Amino acid sequence: MSGAVEAKLAALGLTLPEVVPPLATYQPAVRSGVYVYTAGQLPMVKGSLPVTGKVGAEVSAEQAKELAATCALNALAAVKSVIGDLDKIARVVKVVGFIASAPDFTGQPGVLNGASELLGAVLGDKGVHARSAVGVAVLPLDAPVEIEIQVELVAGA
């Protein structure tokens, strides 16, 4: 347990997972100046996807919203791997969510609320962010959701 953010995670009954290993040639997160950018994070749990398929077909919007929260938790783990302590986050600047969608599914913003709500619950006002919810045909490993985040660090972190 590092600090206040991880204490808040614990109070919510959540545990920061191990960083999901890259599926190809990239880093899970990279720091540039006062920003940390994550690679797209899939909803991996202990090394595998709990559900696969398209949202609005094989995967319900409610399931996908929960998966988006898992992606956000994985993104926080990736950020921590670069900065060592999540208390160094000044704010989440941007969240981008990719939702593998059935052709008639238009509820991408509701799915992405899973990530936004988790970040808000864990980080409070620091978790409020700009975002984009994008419907796509397919994601790696047939994942229903993929999330990337950008965070700004506190001065001197």
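Note: the structure precedes this text.
Summary of the structure given here.

Calculation rules
Residues numbered from 1 in each chain as written. Predicted model: local features only at pLDDT ≥ 70, side-chain atom pairs only at ≥ 80, totals over all residues. Heavy atoms only, no water. Helix = DSSP H or I, 4+ residues; strand = E, 2+ residues; numbered from the N terminus. Buried < 20%, exposed > 50% of the residue type's maximum accessible area, 1.4 Å probe, protein only. Polar contact = N/O pair within 3.5 Å; in protein donor to acceptor, adjacent residues only side chain to side chain. 1 Å grid on protein atoms, 1.4 Å probe; cavity = no way out; pocket = protein on both sides within 12 Å on 5 of 7 lines; lining within 4 Å. Points joined across faces, edges and corners; volume = space filled by probe spheres on them. Nonpolar A, V, L, I, M, F, W, Y, C, P; charged D, E, K, R; others polar. Axes fitted to C-alpha atoms, helices over the stretch in contact; angles between N-to-C directions. Contact = heavy atoms within 4.5 Å. Phe/Tyr/Trp six-rings, centres within 6.5 Å; stacked < 30°, edge-to-face > 60°. Pairing = 2+ DSSP bridges.

### Remarks on the side chain of N74
So, point 1. With respect to the helices, strands and loops of the structure, N74 is situated in helix α2 (residues 61-83).
So, point 2. Judged by its relative accessible area of 2%, N74 falls in the buried class.
So, point 3. A distance of 2.9 Å separates a polar atom in the side chain of N74 from the backbone oxygen of L42.

### So, unusual backbone geometry
So, point 1. Residue K46 is not a glycine yet carries a positive backbone phi of 50 degrees.
So, point 2. Positionally, K46 belongs in the loop between β2 (35-38) and α2.
So, point 3. By relative accessible area, K46 is classed as exposed at 86%.
So, point 4. For L141, which is not glycine, the phi torsion reads 60 degrees and is therefore positive.

### Describing the layout of surface pockets
So, point 1. The space that makes up the largest pocket amounts to roughly 280 Å³.
So, point 2. Surrounding the largest pocket, 16 residues form its lining, P17, M44, V45, K46 and N74 being those nearest its centre.
So, point 3. The leading source of residues in the lining of the largest pocket is α2, at four residues.
So, point 4. Residue composition of the lining of the largest pocket, grouped by class: 10 nonpolar, four polar and two charged.
So, point 5. Lining the second largest pocket we find 13 residues, and of these E6, T15, L16, P17 and K80 sit closest to its centre.
So, point 6. Secondary structure elements with two or more residues in the lining of the second largest pocket: α1 (4-11) and α2.
So, point 7. Classifying every residue of the lining of the second largest pocket gives eight nonpolar, two polar and three charged.

### Section: the packing of α1 against helix α3 (residues 108-123)
So, point 1. The geometry of α1 relative to α3 is characterised by a closest axis approach of 8 Å and an angle of 115 degrees between their N-to-C directions. Residues V5, K8 and L9 of α1 form the contact with α3, whose participating residues are A121, V122 and L123.
So, point 2. When its residues are assigned to classes, the contact of α1 with α3 shows five nonpolar, no polar and one charged.

### Some thoughts on the packing of aromatic side chains
So, point 1. All chains considered together, the criterion is met by one aromatic pair.
So, point 2. Geometrically, the ring pair formed by Y35 and Y37 is tilted, given 6.3 Å between the ring centres and 45 degrees between the ring planes.
So, point 3. By relative accessible area, Y35 is classed as partly exposed at 29%.

### Re the sheet that holds strand β4 (residues 130-136)
So, point 1. Spatially, the five strands line up as an open sheet ordered β1-β2-β5-β3-β4, and their pairing is mixed. Looking at strand neighbours, the two that pair on one side only are β1 (29-32) and β4, the edges of this open sheet. Neighbour to neighbour, the strand axes of the sheet diverge by 15 degrees on average, direction disregarded.
So, point 2. By the bridge criterion, three bridges tie β2 to strand β5 (residues 145-153) in an arrangement that is antiparallel. Residue pairing in the sheet places Y35 in a bridge with E152 of β5.
So, point 3. Seen against the sheet, α2 touches β1, β2, β3 (89-100) and β5 and runs at an angle of roughly 40 degrees to β5.
So, point 4. Packed on one face of the sheet, α3 meets β3, β4 and β5 and runs near 145 degrees to β4.

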